Structures are given as C-alpha cells and as structure tokens.
Amino acid sequence: MQLTPTKLKQQLEKTFNYKMNAWLVRRIPVSSEHQLSSQNIFILPSRFGIAFLLFILLLFLMATNYQNNLIMLFSYLMASLFITAMLKSFFNLSGLKVKAQSEIYGHTDTDLFYTISLSSQTPRYALNLQFDQQPKTYIPCCEVGTSKIKVSFQSALRGRYKPGRLRISSAYCFGLFTTWTRLDFNCQAIIYPKQTIITGHLAALSAIEESPQVTSSDQPGMDEFYQLKSYSQGEPLSRVAWKQFAKGQGKMSKEYQQQQGELRWLKLTDMPANHVEIKLQQLSYLIIEYSNMGKAFGVDLGYCTIAINTGAIHKQTCLTALADY
Amino acid sequence: MFSLPNHLAWFVLLSQIINIALVSAELSIWLLAVIVISLLWRVLIIANKLPKARRFMVILLAITGCAIIAINGRQLGLLSAMLHLLSLSYALKTLELNSRKDFYQFIVLGLFICAGAFLFQQSLGFSVMVALAVIINFAVLLQYFSINTPYHINVKQSTKMLLQSLPLAIVLFVVFPRLEPFWQVPMAKSATTGLSDNVAPGDIANLAKSNELAFRVNFIGDIPAYPQRYWRALVMDEYTGKQWQRSRDKKLSDWLDIRNNQSFSPTVSGPAFDYQVIAEPSFKRWLFALDVAKLSHENRSVSSINMRPDYSLQNKNIISKAISYDVSSFYTTAMDVNLNPLIRHRTLNYPKGSNPKLEQEGQRLKQAFKNPQAIIKNVLARFSEQAYYYTLKPPLLQNNSLDQFYFSTKAGFCAHYASAFTFLMRAAGIPARMVTGYMGGEYNPDGNYFSIYQSDAHAWSEVWLEGKGWQRIDPTAAVDPLRVEQGFSESLSAEQNSLNNEYFNLRSYKSFQLLNTLRLKLATIDYQWTLWVVGYSSKKQFDLLSSWFGRMTSWKTGLIMAISLIFVMFMLWYLQRHQRVKHKQKPWLNLYQQGLALLAKHNLHKNKSVAVIAFSDHVFTISDGVLPAFRALSRDFSELEYRQASPQRQKQLVLNMQQHIALLKTQLRHYKAVPNQTDRSV
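Residues numbered from 1 in each chain as written. Chains lettered and ligands numbered in written order. Predicted model: local features only at pLDDT ≥ 70, side-chain atom pairs only at ≥ 80, totals over all residues.

**Some remarks on the interface of chain A and chain B**
Facing the 37 residues of chain A at the interface are 39 residues of chain B. The set of elements that each furnish at least two residues to the side of chain A that touches chain B consists of helix H2 (47-66), helix H3 (69-93), strand S6 (124-131) and strand S7 (137-142) of chain A. The element best represented in the side of chain A that touches chain B is H3 of chain A, accounting for 15 residues. Broken down by class, the residue content of the side of chain A that touches chain B amounts to 25 nonpolar, eleven polar and one charged. (Contact = placed C-beta atoms within 7 Å. Helix = DSSP H or I, 4+ residues; strand = E, 2+ residues; numbered from the N terminus. Nonpolar A, V, L, I, M, F, W, Y, C, P; charged D, E, K, R; others polar.)

If you want it as structure tokens, here you go:
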C-alpha cells in the first residue's frame, strides 16, 4: 500500500484520536454526573491569546528600545493580566456540576435535544455546549442555581448512537484562553427512520391480513361504534366520549367494533417501496399514524415481531425495533 | 455570525474615543478630521441611520489617510508618522468589525495606542488617564463575553483583574533585568517646551507666562541661597543683529581637541553643592546645572550627557522622557582663566552697524574708563538709577533694536537687559556672552526638593575678566533686585497672571493656604513617580536590589520572580474561593442555617434527610411549643426555597425570617436543653 501524505495524516490523526480517547477514558471516566475541577478541565491559550503574547513581546521590545519605563510596566502588567485571565478562565468552569439525560429518541434529520442540567453557585459566562460533530449551543450566562440546557443532536442515519463526549467550552473572560472539558455521560440516542408518507389507501394495506375481499370503501374511522367503557389513563383523547363527559357521566371512552375484531399487522414486506430503508420509513409513518389514531397494531419485521398492542410504550418499542433493524 | 449588539457597539465607540483622546495632542488636525469623520460614520451606523460601511469606501478613506501621512511624512518624523498610521487604522477598524478576529484586532490596536501614548508623556496624571483607558478597553472585551452584564459590573471586574495583576507586574518591573536597547529607534518629536536655540529680547517674557515644570532638583547636603541658583542651560556667543544664538562652526571643538563623544572636563576645586536633577521631557537636548558643574561619572545614565566647552550640559539625544543625573557644582571654581583666542574673538564680535548708538556708547565707555570693572559698574548703575523699568509687557522694539531699548523705551524683561548689556560690553572691548537658563526654583517641603518652572526662565550675561575668567553679571539685578533675590515681585506676578492663558493652574492660587498645600502634596507624588517609576534605571535597580538581597545574581532574580508568581497565583485562588463562599448562598438559606445553628447549641440537630417542615414539627413537639419562632422560620424558608415567590414577597419573607431569628434567640433562653441527645436529634 502506498503511503500518501494525506493517508499518513489520516493515519496519524486516527492514532492520535485513539490514544487521546484512551487517555480521556482514564482521565474522565463515564459518570451520570460530573463536577468540573482541575481533574477534567483543560485550558490552553487561544489564537488570540498567542497573538496577545506577541503583542506583549512587541511592547517589551518597544519599551527596551525607547528605554521607556512606563511602556515596560505596561507590558509587564499585560503579561501578569494574562496569568490572571488564565485563572479566571479556569474558575469560570471549575465547580460547575453537569448532569445529562441518559436517552433521547427521535427521527432522523430532526433536531433532537439532550437536556443537560448545569448547577452552579456562581454565574458562568459564555458557555458553548456541543457533542462531537454536532451543532453548538451557546449560553451567554448560566445563572446561579440549576439551569436546564438543550443541546442539539442530529443524525441522518437511523440506529442507536452514542453521541460521545459532551464538550463544554468557554472563551471567558477575555478570549485569551479556551477552557474546555469533555464529559462522558454514556448517554445514547435512538434514531428512528424518518417518516415517509404512503400515498393510497392505508386500509388496503392493513386489511390484507384479515379479509382480502374487503372493498376500498372500508376506511379507518368509519368503524362501527361498539360500546362505551370507562376511560383509562393513556388512551387517546380522540376516543373520549365528550358528549357523555359533558353530561357529567364521567370520562368514558368509545370502543369500536372493528378494533376488537380486526387485527392489524404492519408488515415490512407489505410496504410499497423497493428499498428497505424507504420501507422502514413508511412503516415508521404508519406506526405514528396508527398510534395517533389510537389503533391497536403489531409489527412484523420478518426476523422479529412485536405483538399487537396500543399506547405510547408500544409505539416506542416498535420504533426502536425499526431503528435497530 | 459575529455581530455586536447595539449597547456593546456604543461601549466600543466610547473606548475608542478615550484611546484617541490620549494621543490627540500628537496628531495633526487633518488626521483628527479623518478620525472624527469615521467615528461619526460609525455613530450613524449604530443609530441605524446609515447602512453598514461598504468595503471600498473604507479602503478609499484608508488610502486618503495614508496619502496625507505620506505627503506630510518628512515633516512629521518617522515615529509620529507611525502613530498617525496606527490611529488611522484604529479609527477605520471600527467600520469593519465583521468578525471576532476584527474585534480582537481592534482591542489590541486600542491597547497599543494606550501604550504608545507613553512615548510622548509620562507624568503621573497622564499615567492615571492611560490606566483608566486600559480599564475601559478590557471592560469592553469583557462585555463581549458577558453580554448581558451591566457595564459598571464589567468595569469593576476589569479594574479588579488589573489590580490583581498589578503586584506581579510591579515585581517584574523591580526585579527583571533591564536590557540595553536592541536597535536604534526613531525618537519622538513633539512640541518643544522651554528655552529655544536662540533668544531675541522679547522671548523669555513669553516663557514666563508658562507654569509648566522644567526640572526638579534634589540637593544632597548644602542648599545654595536663592541668588546663587542660576541654572545654566545655553550659552550664546553669536549675535546676528537681531538675536543671540550658539555659533555653529566646528572649529572650536577641533581646536580644543574635543572629539564628539568626549565631554569637556574642566578642572575643579573647592567646595561644591551636590544634587540630582530630574529634567522633564523638553524635546530639546540641553540640560541644567549650576556653575561649575561636574557630572558624577559613576552614574551610568550620565554617559549620554556631555559638557560643552562653554560649561553647559547637553544630552546626546532629544529628551523625550524624564531624565535624571547627578551633578556636583564647584561654585568657587573660575571658568576659563586663560581665554582661548578663538573664544575671545567670538565673544568680542558683533555685526557692525546693527546698533550704531550702542556701539558709540561702547567706544565712549572704553575711552572713559580704563578698567573693565568700572565700565560694568557704570552700565549697571545706569540701569538702576535711570528710569529703567522691569516688565513682562515691554513695548515692541522695531527690528529688535537694542538702541531703541537702551536709549528710549527703557522697559523690558531679563533678555532685553542681558542683550543690551552683552552688546555694550562687546562694543567696549570686553569679551561677553549671553547665557539663558533658569533662576531660583520653588522649594517643596513635602518632598524636600526644588521645582523649577518655565516661568523661572532667565537670561543673564557673562563677561570675561583678566585673572578671574568668566564672571556672571545679571543686569536684571540692577533693575529689579527683588527678582534675583526671591523671585517675581508682586507686580510682576500680577502681570504674569494677567498674561497667563492656562485656565486651570494651581500655581496661580498660591495665596490660598489649603490649595497650596494640596498642590505641593500632588507635586511630591508626581516627583516620586518621576524619580522611581519613570526614572527607574539599571543603576537604581542594582542599588535597590543590592540593598535588599545582597549581591544580585540571575538565580536570585529567577527565584524572586518564581516565588512571587506562585504567591500571586495562590492569592488569586484564595480570593476566588473566598468570593465563591460569599456568593454561594441565598439570604434565606443563610438565615435558616443561622436558625439551625442556634438550635444545635441546645442539642437539637437536624439530619440532612429530614424535611424542613417535618423537622420544625418535631422541634415544636419536643419543645412543648416553646419555640414557635422556629416553626415560622421554617415555614417562610420553605416558601422561599420551594415556591416561586415574587421579588417583593421574597423581600418581605426574608425580613420576616430575620425577625423570627431574633425571636428564636429570646425564646431559646427559656428553653431548657434536655441532656439526652439521642432523644432530641432526628
């Protein structure tokens, strides 16, 4: 194999990152809560900081050449301020407590947010929060107390992700230093396929299983009303019998005949698309739709099936199965 | 995307105006005009009256400015041209703040201008102004990173940080080895102050209006009396017919075999006054000393000062910052007992026909008296006996005619008398020359030093007498004896005040005791500043450090710096921690903890796991209702801590809590602690 400079660079970067990560794991181990201290804060002069050092040198040269004591004192003051600024930058992060949500869910190409809670006893300024290769969240000032910060995470591909380490950085107080930390909360993101709308009749699809003869007029929502039963927590509001509720008979929910008799299986193979990813996306759409309508359904992905059920947890299980497919 | 919020933009503009103001005295009018235009433009942009500046317009403005600087470059001098360029780019940068990088550049340029301002002025007052400007600059930078914090907090914060940085800076300043200049740099050319190279009769009177400080003198040991304090600055041996000046040709020094870098060194003897002179920047080369001066050569900074064959001192370079040197003046030593023929020729020469009547008078005197002393006596007697008048507002002389002054107007200031006298002596065949310098000086009892102001400028005459050498003759003494004995007479001071165009000057209020004391105190502080900060030299450093730490070596220097660095960092860390503890608690938490501490004294301890209300109930039951104040305290506390109360309500509740604490203290006096602790704690 030929070793081109770019390849060499990539290789070096890879090695470096690997070593760096290994070192980070030892230095800042996984935890659900971190308190920032000299153990996990890094601090280096920023580009402006280095330019500022050159400026100090320039002042020193000028003072020496002109034998001007006041410019000399000025340059020493700037040098000393550089150190004060370093400490100040460190203190801006030091002592901050950071907690993160362990799991988030969402579809591809949508903005998902981790909720990071920062607790502090002093105000912290100019914080940037960011997961690797993810957009930054800028907080001008984090007040005393606990504040919840939403840090965005996006993915174009479905699946389970570890967003990696959360980077909290700040250029406070003069931009001379970058102070940062990289915290590992071992959190994960479950990214569902995005929703692709199926044109045509949903019923035609869903009815396949039960009765191939059913006409196309048999649409969802036209189901026959079967009975009222007492409302149980978690049932969709669309099924609440508001008329009865208004009459003061309590919260009842309507049950439809069709739901009892008809079993609906959402099958991956039934999806009207060629590519399996598109099929998953369509399935994702159907799962959301069915859940919103409060219908019971099961999912058949071929290698596994999820039994027919309703409710938010069921929806999540189904979507997670899609993400894992 | 980088953008400055409006309130920060105004703050940035303010810092810019302050920075420019620091150097505005050194900038030419047309550059100030360009700067004002760009600042006004910026104002309109911030106020949303104009769209953002187009790049080509900024470039156009920049090119115009550069062109004007280039055209005037020769006149400005290199250093001033560079300052002009710096200020121009700083002013234009404000129109181009498009990225964070631009903003950083802008801040550094501003700081650079602040530092550069010290090339031109170093007084204490000016340094304080620069310090304020630096504080504002850093507050602006801080504001960018804490955008919602009020200005005054950021100004306070940046002041605090600069103050925290000061100790280490001072240690570095005192300890860090002072290096020789690495290369030659263009010197500052600023408006010159003080005596000029040549003197026409009316000149010194103009200077007398200025209350600016010329130099300060610190005597070690004996202090000469007022009439002895003639500070020689310039000796002028050539009369052009209109004014006096130094002769230019090099022959004299060649003849005396004095090479350029070698100082003329007269042989001195007898008693001497020892003193240190701290000269203010005059942007001229000459310096001041009493006759006959001898520089003390152990002083390294003196190496740049030479003595001329006319016994005056001169610096190699223009004096652009305060300079101090040690001198001994051997006041009984005669100057040039054997007169060099070239000098004799020069000091007898005058343009024939420039003042015909005086020439005639000279001839007459030469005929009438055989002895030069008698001639001098006669002329001085004429000044004192006839109606000669000593004034700061003399009538104008046509063509600077000495004839007119001597025979008709008869009113003038020191330069008139010295000019006429010197001319007359030459006409009478006595070698004579004009000397300008300063006379007297004001004593500052606080600082134990003398201040010599521009208004003390004086001109007198020197004649050469056989066997005695050069003798100082001050014709002013004949006209206004008071002037040379104690300074300006009352009428002269009144004249001076009426001519003075400085709006605020503490010296004009000498008669008010309080103000005068204040003025002297301030002057002393400025003196110490000039002596120790502006004038801190490698010699002073060596002396100071040797007296503290013994012989200085580089490892000692390094050790001192390292120790102070560690110490300062520790202090900062400590301060930060201290501040955090103070910052930490909400007032109600503090109050509640006070309450708990009070109970703890009586063996009532709260476990962390116990809820606030539960504990208060527990205390209530256990104390048989003797401590209702604690219950109220807990109730208010839990409302503050766990419910969102409005600010007014919060204030009210905190007040209540304070009252409960006071009540609790009294109630606890009636409460008898039960010794069994386990029973009481939860």
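Having seen it, we continue.
**Observations regarding the packing of H2 of chain A against H3 of chain A**
Residue and element names in this part refer to chain A. Axis separation between H2 and H3 bottoms out at 8 Å; the angle between their running directions is 160°. Classified by the interaxial angle, the pair formed by H2 and H3 is roughly antiparallel. Considering the relative orientation of H2 and H3, their crossing is left-handed. Within the contact between the two elements, H2 uses Phe52, Ile56, Leu59, Phe60, Met62, Ala63 and Tyr66 and H3 uses Ile71, Met72, Phe74, Ser75, Met78, Ala79 and Phe82. Class assignment of the residues belonging to the contact of H2 with H3 gives a composition of 13 nonpolar, one polar and no charged. (Axes fitted to C-alpha atoms, helices over the stretch in contact; angles between N-to-C directions. Parallel < 35°, antiparallel > 145°, perpendicular 65-115°, else oblique. Left-handed = near helix turned anticlockwise from the far one by under 90°.)

**Focus: the confidence of the model for chain B**
With 91% of its residues at a pLDDT of at least 70, chain B reaches an overall mean of 84. Here the predicted complex scores 0.75 on pTM and 0.77 on ipTM. (pLDDT = per-residue confidence, 0-100.)

**As for the confidence of the model for chain A**
All names here are of chain A. Predicted confidence across chain A gives a mean pLDDT of 80, with 79% of residues reaching 70 or more. The model gives residues 207-224 a pLDDT under 50, and that stretch makes 21 contacts with residues more than four places away or in other chains. Note that residues 257-262 has pLDDT below 50 and, in this model, ten contacts with residues that lie over four places away or in other chains.

**Quick notes on helix H4 (residues 78-93) of chain B**
Residues and elements named next belong to chain B. In a regular helix each residue adds 1.5 Å, so 16 residues correspond to 22 Å; H4 covers 22 Å between its end C-alpha atoms and thus fits that length. Those residues of H4 lying buried are Leu79, Ser80, Leu83, His84, Ser87, Leu88, Tyr90, Ala91 and Leu92. The inward-facing, buried residues of H4 contact helix H1 (6-23), helix H2 (29-46), helix H3 (55-76) and helix H5 (100-116). (Expected span 1.5 Å × (residues − 1). Buried ≥ 20, exposed ≤ 12 C-beta atoms within 10 Å, placed from the backbone.)

**Focus on the environment of Pro29 of chain A**
All names here are of chain A. Relative to the assigned elements, Pro29 resides in the loop between helix H1 (5-27) and strand S1 (33-35). Given 11 C-beta atoms within a 10 Å radius, Pro29 is considered exposed. Between the alpha carbons of Pro29 and Tyr18 there is a distance of 15 Å; along the sequence they are eleven residues apart.

**Remarks on the nonpolar core**
Counting residues in hydrophobic clusters, the biggest one holds 211 residues, and the most contacted among them are Ile71 of chain A together with Ile204 and Val277 of chain B. Among residues more than four places away in sequence, those in contact with Ile71 of chain A are Leu59, Met62, Ala63 and Tyr66 of chain A together with Ala115 and Phe118 of chain B. Leu591, Ala629, Leu633 and Leu640 of chain B belong to the second largest nonpolar core, which has 16 residues in total. (Core = buried A, V, L, I, M, F, W, Y, C linked by C-beta atoms within 7 Å.)

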